[in-house]
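# Inside the fold
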Amino acid sequence: MKKYTLFIIVIFLSFTAKSQCDEQVTNEAKSKLETSTYVKDFKVKLKTVTTSKDAKYMTYPIMLNKGTKYKFVLADDKAFEGRLIFELANERGRQLSSYIPEIKKHFSVLEYSCNASGMYFVNLEFENAKEGCGVLMYGIKNN
Amino acid sequence: MKQMKKITFLTLAAITLFSCGNDTETGDEQDLLNDFAYADSLQKQVVISEEIIEEMIHSIPSPIEMTSLILSSGAKFDEHILNNPDNVEKYVSAHSKALNLGIYGAELGYLNIYEKTMVSVDYISAVRSLAKDLKVDHFFDFQTLKRLASSSDNIDSLINITTQGFSKMDAYLREQNRTKASVLIVTGTFIEGLHIATQIVSKTSNPKITERIGEQKMSLNNLILMLNVYKNDPDVAKLISDFNELKVLYDGVEIITVYGEPITKEVDGMLVIEDQSTSEVKISKETLEKIIMKTKELRNKII
C-alpha cells in the first residue's frame with residue numbers, strides 16, 4: 001500500500017497538469033478540432049522522470065456517451081523533445097492509442113465512434129519519458 | 001500497466017475517503033473572502049485529496065453533451081424550465097454563488113445549442129455577476145460573448161468560447177487551491193443538465209434522453225465522492241444528503257455493457273476507431289418518475 005501511495009505522489013510531482021503550457025499549443029489543438037464542439041482539454045507537462053517507470057503516466061476518468069462521435073486532437077510544444085501519447089481505455093482495456101508502435105507512427109487527430117456509454121480513462125504520457133508539454137483536446141463531432 | 005492504473009485509481013479513491021476526516025472546513029456564508037481563505041487552509045490539510053478531485057472532476061460530463069443530445073432528439077426548446085437570470089441577486093454566500101454559476105453555465109449551453117442568442121445575453125450577465133463575485137470573471141470576455149450573441153451566425157464560436165471559459169475557470173480554481181468552489185460549480189452544472197433532461201423527458205418520453213438520464217448514475221457516484229471531501233461544511237453536508245437520496249433512486253437503474261474489440265483504420269491521416277462495445281440502460285417508468293421528482297426538488301433547493 002505504501003509503495004503504491006509513493007508512486008501516486010511521484011506521479012503528481014512528475015506531471016504538473018496545472019502547468020502553463022504555451023497558449024500556441026492550445027490554439028494548435030483548437031484548430032485541429034475544426035468544426036467539432038469543444039468539450040474538454042488536458043494540458044500536461046513532464047519535467048523529469050524519476051524512479052518509477054509508472055510515474056510517467058497521467059490518468060483521467062472521463063464519461064463518454066454512446067451514439068456520439070468524438071474527435072480527439074493532440075498538440076505538442078515544439079520547444080520540448082517529448083511527444084505526447086494519448087491512450088483511451090475502458091474497463092476491459094485499451095480502445096485506442098495515438099501512437100502505433102508497429103509502424104512507429106503518431107496520430108494527432110483521432111475520431112472515436114462511441115457505442116457504449118460509460119467511464120473511460122484518458123492515459124497520457126510522453127514518448128520515452130522525455131521532457132514535454134502538450135495538450136489533448138476533445139470535442140463532439142458534428143454530423 | 002492497466003492493472004497498475006486500476007490499483008492506482010482505487011488507491012486514490014481510498015485516500016480521498018481517508019482524507020475526509022481531516023476536513024475541518026466550516027464555511028462562512030457572509031464573508032466570501034473568508035470562505036476562500038478557508039478553502040486555502042483546507043488545501044494544506046488534504047493536498048492529496050484535492051489532487052484526486054482534479055482527476056475526478058473530469059468524469060462529470062460537460063453540459064454541452066447533454067444539451068447536444070436533447071437538440072438532436074428533436075425536443076423543442078423550453079425557456080420555462082430555466083432559472084430566471086434575475087434570481088442572481090438572491091445568491092449571497094460563496095456556496096450558492098458557485099452552485100448557481102454552474103446552473104447558469106449549463107443553461108447558457110442549452111440556450112446556445114438552441115441558438116437562443118437573444119435570451120442568452122441575460123444569462124451571460126448572470127454568469128458575469130456570479131463570476132465577478134467569485135473573482136473568476138477574467139476567463140470570460142463578456143464584450144466578445146455579447147457581440148457573438150448578437151447573431152446566430154456566430155453560434156459555434158459562442159458555444160466554444162463559453163465552454164472553454166468554464167474549463168479555464170475550473171482549472172484556475174484548482175490551481176488557486178479553491179477546489180471546493182470548482183466542485184460546487186460542477187455540481188451546479190450536473191444538476192441543471194439533469195434537470196433540463198428530466199423536464200424534457202417528463203413531457204416527451206424520449207427514449208434516448210431517458211437512457212442518458214440513466215447513464216448519469218456513474219457521474220453521480222463520482223460527484224458524491226468529491227462532495228464528501230467537504231462534508232464538514234454544513235451546506236455541503238446538506239447537499240450530500242440530498243444527492244444521496246437521488247443516489248438511492250439511481251440504485252434502481254441497471255447499466256449493462258457488452259464489450260467488444262474496437263476496429264481501427266487510417267483515413268486521410270486520421271485514426272478512425274469504431275467502438276464494438278454496446279451498453280444498455282434498464283430503468284423502470286416508476287424509477288424514472290421518482291428521479292424526475294427528486295431532481296426537481298434538489299434543483300429547486302439550490303436556485
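Residues numbered from 1 in each chain as written. Chains lettered and ligands numbered in written order. Predicted model: local features only at pLDDT ≥ 70, side-chain atom pairs only at ≥ 80, totals over all residues. Heavy atoms only, no water.

### Description of the packing of helix 5 (residues 94-113) of chain B against helix 9 (residues 179-204) of chain B
Residues and elements named next belong to chain B. Between helix 5 and helix 9, the shortest axis-to-axis distance is 7 Å and the interhelical angle comes to 45°. With respect to helix 9, the axis of helix 5 lies oblique. Both helix 5 and helix 9 take part in a crossing whose hand is right-handed. The segment helix 5 lies against helix 9, with His95, Ala98, Leu99, Leu101, Gly102, Ile103, Ala106, Glu107 and Tyr110 engaging Ala181, Leu184, Ile185, Thr187, Gly188, Thr189, Ile191, Glu192, Gly193, Ile196 and Ile200. Of the residues contributing to the contact of helix 5 with helix 9, the split by class is 12 nonpolar, 6 polar and 2 charged. (Axes fitted to C-alpha atoms, helices over the stretch in contact; angles between N-to-C directions. Helix = DSSP H or I, 4+ residues; strand = E, 2+ residues; numbered from the N terminus. Parallel < 35°, antiparallel > 145°, perpendicular 65-115°, else oblique. Left-handed = near helix turned anticlockwise from the far one by under 90°. Contact = heavy atoms within 4.5 Å. Nonpolar A, V, L, I, M, F, W, Y, C, P; charged D, E, K, R; others polar.)

### Overview of the pairing of strand 10 (residues 132-140) of chain A
All names here are of chain A. Within strand 10, 9 of the 9 residues are buried, which leaves it mostly tucked inside the rest of the structure. Residues Gly132, Gly134, Leu136, Tyr138 and Ile140 point to one face of strand 10 and Cys133, Val135, Met137 and Gly139 to the other, with burial holding for every one of them. As judged from the 9 bridges shared by strand 1 (residues 37-46) and strand 10, these two strands associate in the antiparallel manner. Residue pairing in the sheet places Val44 in a bridge with Gly134 of strand 10. Pairing of strand 3 (residues 68-76) with strand 10, which is carried by 7 bridges, proceeds in the antiparallel orientation. Counted as the bridge partner of Phe72 is Tyr138 from strand 10. (Buried < 20%, exposed > 50% of the residue type's maximum accessible area, 1.4 Å probe, protein only. Pairing = 2+ DSSP bridges.)

### Here we look at helix 7 (residues 142-149) of chain B
All names here are of chain B. For helix 7, the set of buried residues is Phe142, Thr144, Leu145, Leu148 and Ala149. One side of helix 7 holds all its buried residues, which, seen down the axis, span an arc of 160°. Residues of helix 7 that are exposed and point more than 90 degrees away from the buried face comprise Gln143 and Arg147. Where helix 7 is buried, its residues meet helix 6 (117-133) and helix 8 (155-175). (Arc of directions from axis to C-beta.)

### Here we look at the packing of aromatic side chains
The description of two aromatic rings rests on the distance between their centres and on the angle between their planes. Counted according to the given criterion, the structure contains 13 aromatic pairs over all chains. The interplanar angle of 35° and the centroid separation of 4.9 Å between the aromatic rings of A:Phe72 and A:Phe86 together place this pair among those described as tilted. With a gap of 14 residues between them, A:Phe72 in strand 3 and A:Phe86 in strand 4 (residues 84-90) connect regions that are remote in the sequence. As far as the burial class goes, A:Phe72 and A:Phe86 line up, both buried. Ring geometry for B:Phe140 and B:Phe166: centres 5.1 Å apart, planes at 70°, overall edge-to-face. Taken together, the positions of B:Phe140 in the loop between helix 6 and helix 7 and B:Phe166 in helix 8 put the pair 26 residues apart, joining distant regions of the chain. For B:Phe140, a relative accessible area of 6% corresponds to the buried category. An aromatic cluster is built from A:Tyr70, A:Phe72, A:Phe86 and A:Tyr138, whose rings are joined through pairwise contacts. (Phe/Tyr/Trp six-rings, centres within 6.5 Å; stacked < 30°, edge-to-face > 60°.)

### Focus: the sheet that holds strand 2 (residues 58-64) of chain A
Residue and element names in this part refer to chain A. Pairing is antiparallel in the open sheet, where 4 strands are placed in the order 2-9-4-5. Unpaired on one side and paired on the other, strand 2 and strand 5 (93-97) mark the two borders of the sheet. Strand-to-strand twist of the sheet, defined as the mean angle between neighbouring strand axes without regard to direction, takes the value 30°.

### Things to note about the side chain of A:Ser97
Along the chain, the position of A:Ser97 falls in strand 5. A relative accessible area of 9% means that A:Ser97 is categorised as buried. Setting aside chain neighbours within four positions, we find A:Ser97 in contact with A:Ile85, A:Phe86, A:Glu87, A:Leu110 and B:Leu271.

### A few points about the confidence of the model for chain A
It should be kept in mind that the predicted coordinates are not to be read in detail where pLDDT is low. All names here are of chain A. Within chain A, residue pLDDT values average 82, and 78% of them lie at 70 or more. Taking the mean pLDDT of every element in chain A, the minimum, 46, falls on helix 1 (residues 2-14) and the maximum, 97, on strand 8 (residues 109-114). For residues 6-19, every residue scores under 50 in pLDDT, and the model assigns this stretch 45 contacts once sequence neighbours within four places are set aside. (pLDDT = per-residue confidence, 0-100.)

### Structural notes on the confidence of the model for chain B
All names here are of chain B. Per-residue pLDDT for chain B has a mean of 83; in total, 83% of the residues score no lower than 70. At the level of individual helices and strands, chain B shows its lowest average pLDDT in helix 1 (residues 2-19), which scores 42, and its highest in helix 12 (residues 285-302), which scores 97. pLDDT under 50 marks residues 36-48. Its contacts with residues more than four places away, or in other chains, come to 26 contacts.

### With respect to the pattern of salt bridges
Per the stated rule, a full pass over the model turns up 21 salt bridges over all chains. A:Lys78 is the partner of A:Glu28 in a salt bridge, and the nearest nitrogen-oxygen pair spans 3.7 Å. Here the residue A:Glu28 occupies a position in helix 2 (residues 23-33), and A:Lys78 occupies one in the loop between strand 3 and strand 4, the gap between them amounting to 50 residues. Using a relative accessible area of 27% as the deciding quantity, one classes A:Glu28 as partly exposed. We classify A:Lys78 as exposed; its relative accessible area is 65%. With a shortest N-O distance of 2.9 Å, B:Asp242 and B:Lys301 are connected by a salt bridge. Highlighted residues: B:Asp242 in helix 11 (residues 234-250) and B:Lys301 in helix 12, separated in sequence by 59 residues. Residue B:Asp242 is classed as buried on the basis of its relative accessible area of 12%. Judged by its relative accessible area of 51%, B:Lys301 is exposed. (Salt bridge = Lys/Arg side-chain N within 4 Å of Asp/Glu carboxyl O.)

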